[in-house]
Amino acid sequence: MAVNDECKLRFLELKTKRTYRFILFKIEQQQVVIDKLGGPNESYDDFTASFPPDECRYAVYDFDFITNENCQKSKIFFIAWSPDTSKVRMKMVYASSKDRFKRELDGIQFELQATDPSEMSLDIVRGRTF
């Protein structure tokens, strides 16, 4: 599975320049391409609303939070979205390509796998950051 150079470039911009809050990726014609770019002012709700209900996606999100010591921090996390309603073949393609794609994105701090929106709720993300 090939990874479009645009994916790596936009991820680098998210990581270093904070140009985007999130990026959704999809597999199209045997390569990973960008599905949606979320602007720096978009919320976590905007992010979760961007996932199609019956198609798989990969996503990265730049999560800002304040530590117990009152320090502003941010962590980039990766979500593998594979809803129960998606086609079996699509789930297999996304599952088999995930690790290779993640290796292309240097700087991901943690990963979530979700089959429905409750598995990537804001509470779960907050719990993983500390």
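The rules behind these values
- Residues numbered from 1 in each chain as written.
- Predicted model: local features only at pLDDT ≥ 70, side-chain atom pairs only at ≥ 80, totals over all residues.
- Heavy atoms only, no water.
- UniProt positions renumbered as here; feature names shortened; annotations may be inferred.
- Helix = DSSP H or I, 4+ residues; strand = E, 2+ residues; numbered from the N terminus.
- Polar contact = N/O pair within 3.5 Å; in protein donor to acceptor, adjacent residues only side chain to side chain.
- Contact = heavy atoms within 4.5 Å.
- Buried < 20%, exposed > 50% of the residue type's maximum accessible area, 1.4 Å probe, protein only.
- Pairing = 2+ DSSP bridges.
- Salt bridge = Lys/Arg side-chain N within 4 Å of Asp/Glu carboxyl O.

A. Up close: the UniProt feature "domain: ADF-H" (unreviewed entry) in the chain. Under the feature "domain: ADF-H" (unreviewed entry), the UniProt entry names residues 1-130. For residues 1-130, the end-to-end C-alpha separation is 33 Å, with 34% helix and 32% strand making up the annotated structure.

B. Structural context of the side chain of Thr129. Secondary-structure assignment places Thr129 in helix 4 (residues 122-129). Only 2.7 Å separates the side chain of Thr129 from the backbone oxygen of Arg126, close enough to count as a polar contact. What Thr129 contacts, discounting residues up to four positions off in sequence, is Phe63, Phe65, Lys75 and Phe110.

C. The side chain of Arg21, seen in detail. Turning to its location among the elements, Arg21 is positioned in the loop between helix 1 (5-17) and strand 2 (22-28). Taking the relative accessible area as the measure of exposure, Arg21 reaches 15% and is therefore buried. Within polar-contact distance, the side chain of Arg21 engages the side chain of Asp64 at 2.9 Å. Among residues more than four places away in sequence, those in contact with Arg21 are Leu14, Gly38, Gly39, Pro40, Glu42, Val60, Tyr61, Asp62 and Asp64.

D. Looking closely at the pairing of strand 2. Counting buried positions along strand 2 gives five out of seven residues, so the element sits mostly inside the fold. In this structure, strand 2 lies alongside strand 3 (residues 31-38), joined through seven bridges in antiparallel fashion. The residue of strand 3 that forms the bridge with Lys26 is Val33. In textbook terms, the turn of a hairpin is the stretch between consecutive antiparallel strands, and for strand 2 and strand 3 this stretch comprises two residues, one of which, Gln29, has a positive phi near 50°. Looking at chain direction, strand 2 and strand 4 (residues 57-66) are connected through four bridges and run antiparallel. The partner of Ile23 across the bridge, within strand 4, is Val60.

E. Up close: the pattern of salt bridges. Taken as a whole, this structure holds 15 salt bridges when the rule is applied. Across the pair Arg10 and Glu6 runs a salt bridge whose closest N-O atoms are separated by 2.8 Å. Of this pair, Arg10 and Glu6 both sit in helix 1, four residues apart, which is roughly one turn of that helix. Overall, Arg10 belongs to the buried group, its relative accessible area being 16%. Judged by relative accessible area, which is 34%, Glu6 ranks as partly exposed. Taken together, the salt bridges that share partners define one network made up of Lys26, Glu28, Asp35, Glu55 and Arg57.

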